[in-house]
Amino acid sequence: VQLQASGGGLVQAGGSLRLSCAASGRMVSRYAMGWFRQAPGKEREFIGGISRGGGTTEYADSVKGRFTISRDNAKNMVYLQIDSLKPEDTAVYLCAAAWVISSVVVPVDRKYDYWGQGTLVTVSS
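Residues numbered from 1 in each chain as written. Predicted model: local features only at pLDDT ≥ 70, side-chain atom pairs only at ≥ 80, totals over all residues. Heavy atoms only, no water.

1. Details of the overall build of the chain
Alright, step 1. Regarding its fold elements, the chain presents 0 helices and 11 strands.
Alright, step 2. Sequence-ordered secondary structure for the chain, helices as α and strands as β, is β-β-β-β-β-β-β-β-β-β-β.
Alright, step 3. Counting across all 125 residues of the chain, residues that qualify as buried make up 44%.
Alright, step 4. Total accessible area on the chain is roughly 6400 Å²; 47% of this is exposed by carbon and sulfur atoms.
Alright, step 5. Across the chain, the 14 positively charged side chains and the 10 negatively charged ones have centroids separated by 6 Å. (Helix = DSSP H or I, 4+ residues; strand = E, 2+ residues; numbered from the N terminus. Buried < 20%, exposed > 50% of the residue type's maximum accessible area, 1.4 Å probe, protein only. Areas by Shrake-Rupley, 256 points an atom, 1.4 Å probe, with all protein chains shown as cover. Lys, Arg positive; Asp, Glu negative; His and termini not counted. Charge placed at Lys NZ, Arg CZ, Asp CG, Glu CD.)

Dropping the structure here:
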């Protein structure tokens, strides 16, 4: 599975962005998907995930209510809608895929099998 995140950019605080993750390969719909971010000088952080069918999502407390993850398995796409952006949201955002045998969200980065390159989000105050 290959992943490519896109949609990042420079945005003012309070604005919105929609990040996309394009997946290619076999049986993409059998993978749970996750979004992570890594800010300069900080460790990679799980911000949310979605089950393989899209029926279940989980979010880190730091982004609940502002971030929304969705997926379109027909298009092999996963999305991250980010609203009410804050300067502390500045980071490289990465999507990842985890092979699962049930409809679960995977909140642990070491359980992910494939990673995309990431897209940079910069939020100005």
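2. Examining the environment of Ile 101
Alright, step 1. Within the secondary structure, Ile 101 sits in the loop between β9 (91-99) and β10 (114-115).
Alright, step 2. Take Ile 101: its relative accessible area is 75%, and that puts it in the exposed class.
Alright, step 3. When the C-alpha positions of Ile 101 and Arg 30 are compared, they lie 7.7 Å apart, and in sequence the two are 71 residues distant.

3. With respect to the environment of Ala 98
Alright, step 1. Of note, Ala 98 is situated in strand β9.
Alright, step 2. For Ala 98, a relative accessible area of 1% puts it in the buried group.
Alright, step 3. Placed 46 residues apart in sequence, Ala 98 and Arg 52 show a C-alpha to C-alpha distance of 9.2 Å.
Alright, step 4. Beyond its immediate sequence surroundings of up to four residues, Ala 98 is in contact with Arg 30, Tyr 31, Ala 32, Val 106, Lys 111, Tyr 112 and Asp 113. (Contact = heavy atoms within 4.5 Å.)

4. Digging into the pattern of salt bridges
Alright, step 1. With the rule as written, the count across this model stands at 5 salt bridges.
Alright, step 2. Of the charged contacts in the structure, one is a salt bridge between Asp 89 and Arg 37, with a shortest N-O distance of 2.9 Å. One end of the pair, Asp 89, is in the loop between β8 (77-82) and β9; the other, Arg 37, is in strand β4 (residues 31-38), and 52 residues separate them in sequence. Taken as a pair, Asp 89 and Arg 37 share a single burial class, namely buried.
Alright, step 3. In this structure, Arg 66 engages Asp 89 in a salt bridge whose closest nitrogen and oxygen atoms are separated by 2.7 Å. You can see Arg 66 sitting in the loop between β6 (57-59) and β7 (67-72) and its partner Asp 89 sitting in the loop between β8 and β9, a full 23 residues away along the chain. Asp 89 shares its class with Arg 66; the two are buried.
Alright, step 4. One connected set of salt bridges, linked through shared partners, spans Arg 37, Glu 45, Arg 66 and Asp 89. (Salt bridge = Lys/Arg side-chain N within 4 Å of Asp/Glu carboxyl O.)

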